[in-house]
Amino acid sequence: GYSGTTYTYSGTAPEVGVVTNYILTIYAFDTWGAKTFTTVTLIINPNKDPVDDNTEWDKEYTIYSESYFEIQLPKDAMMDPEGKWIIYTHGMSTEEGVSYEIPDWATWHTYNRTLNGIPPWANSTNGTYTFVLVGNDGVGGSYEVEYKVYIKNLNWWITGMVLMGLMAFAAI
C-alpha cells in the first residue's frame, strides 16, 4: 500500500520466478482543488538465487596435521541466473545451520576463495570437517555448497616408519 506520510509504496513481492506487472495511477490534489494524475507500470521481477554452476569441482579434500594446506575453490563455483556478481563468504556446517566461525588453525581469504592453514597435531583435530561456501548476489539471493576436509595425522605414519627403520637397522 501507499503511505502519504513517507510517500512510499510497500508490499510483498510475489513468489520467486514470477514476473508481475502492476498499473498504478497516482493522483495529486492541491489545496485550491486542482488535480492531476499519472499512470505508471510497475514490473516486479523477483530475484533468483545463485546456483551451483560448476558441479565438477572437487568437494572432498584430505590434509594432514602439522602440514601446511591450501584449498582454492573455483571462481565459477556458483553463478547468478540474472548475471549479478557473486560475493563469497565461508563457514562451517553445524546442526543449527551455517556458523561463520572456522577453526583457529584455518584462514579464509574471500578475495581468492582460498582456505589455508596448518592444523595442529592432536587427536581432537583429526576427523572430518564440513565447510560451507556461501554465494550471495547482494540483493537477498544466496546459495550454499558444502565440501568436506578430512584431516589425518601424518606423524603417526612417519613415526611408525622411522621406528620400523630403526628396528631394522638395529637388527643388522
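In short, a report on the structure.

1. Regarding the environment of Phe69
Okay, so step 1: With respect to the helices, strands and loops of the structure, Phe69 is situated in strand β7 (residues 69-72).
Okay, so step 2: In sequence terms Phe69 and Ala106 are 37 residues apart; their C-alpha atoms lie 9.2 Å from each other.
Okay, so step 3: If we skip the residues at most four places from it in the chain, Phe69 touches Ile63, Trp105, Ala106, Leu115, Asn116, Gly117, Ile118 and Pro119.

2. Section: the environment of Glu146
Okay, so step 1: With respect to the helices and strands, the residue Glu146 is situated in strand β14 (residues 142-152).
Okay, so step 2: What makes Glu146 partly exposed here is its relative accessible area of 44%.
Okay, so step 3: As for Glu146 and Val132, which are separated by 14 residues in sequence, their C-alpha atoms are 4.4 Å apart.
Okay, so step 4: Among residues more than four places away in sequence, those in contact with Glu146 are Lys59, Ser93, Thr130, Phe131 and Val132.
Okay, so step 5: Polar contacts involving the side chain of Glu146 include one to the side chain of Ser93, which spans 3.1 Å.

3. Some words on the nonpolar core
Okay, so step 1: Trp57, Leu73, Leu133 and Tyr147 are the most contacted members of the largest nonpolar core, which totals 22 residues.
Okay, so step 2: Of all the secondary-structure elements, those providing two or more residues to this core are β6 (60-64), β7, β9 (87-94), β11 (106-109), β13 (127-136) and β14.
Okay, so step 3: The leading source of residues in this core is β14, at four residues.
Okay, so step 4: Residues in contact with Trp57, not counting those within four places in the same chain, are Asp52, Leu73, Pro74, Ala77, Leu133, Val145 and Tyr147.

4. A closer look at the pattern of salt bridges
Okay, so step 1: In the structure shown here, the tally under the stated rule is four salt bridges.
Okay, so step 2: Salt-bridge contacts for Asp137 lead to Lys84; the nearest nitrogen and oxygen are separated by 4.0 Å. Within this pair, whereas Asp137 is found in the loop between β13 and β14, its partner Lys84 is found in the loop between β8 (78-79) and β9, the two being separated by 53 residues in sequence.
Okay, so step 3: Exposure remark for Asp137: the relative accessible area of 5% places this residue in the buried category.
Okay, so step 4: Look at the salt bridges and you will find they share partners, linking Asp80, Glu82, Lys84 and Asp137 into a network.

Conventions adopted
Residue numbers restart at each chain and count upward from 1, following the sequence in its written direction. Thresholds applied to this predicted model are a pLDDT of at least 70 for local features of residues and 80 or more for the giving and counting of side-chain atom pairs; totals over whole chains, interfaces and linings are not thresholded and use all residues. Each side-chain value is derived from all of the structure's non-hydrogen atoms; neither hydrogens nor water enter the calculation. In DSSP terms, a helix is any run of H or I states spanning at least four residues, a strand is any run of E spanning at least two, and both are numbered starting from the N terminus. Note on contacts: a residue pair qualifies if any of its non-hydrogen atoms lie within 4.5 Å across the two residues. Classification of residues uses two cut-offs on accessible area relative to the type maximum, computed with a 1.4 Å probe and protein chains only: under 20% is buried, over 50% is exposed, and between them is partly exposed. Any pair of N or O atoms that falls within 3.5 Å is considered a polar contact. Within protein, one atom must be able to donate a hydrogen and the other to accept it, and sequence-neighbouring residues count only if both atoms are side-chain atoms. To form a nonpolar core, buried Ala, Val, Leu, Ile, Met, Phe, Trp, Tyr and Cys residues must be joined to one another through side-chain atoms within 4.5 Å. Criterion for a salt bridge: a side-chain nitrogen of Lys or Arg within 4 Å of a carboxyl oxygen of Asp or Glu.

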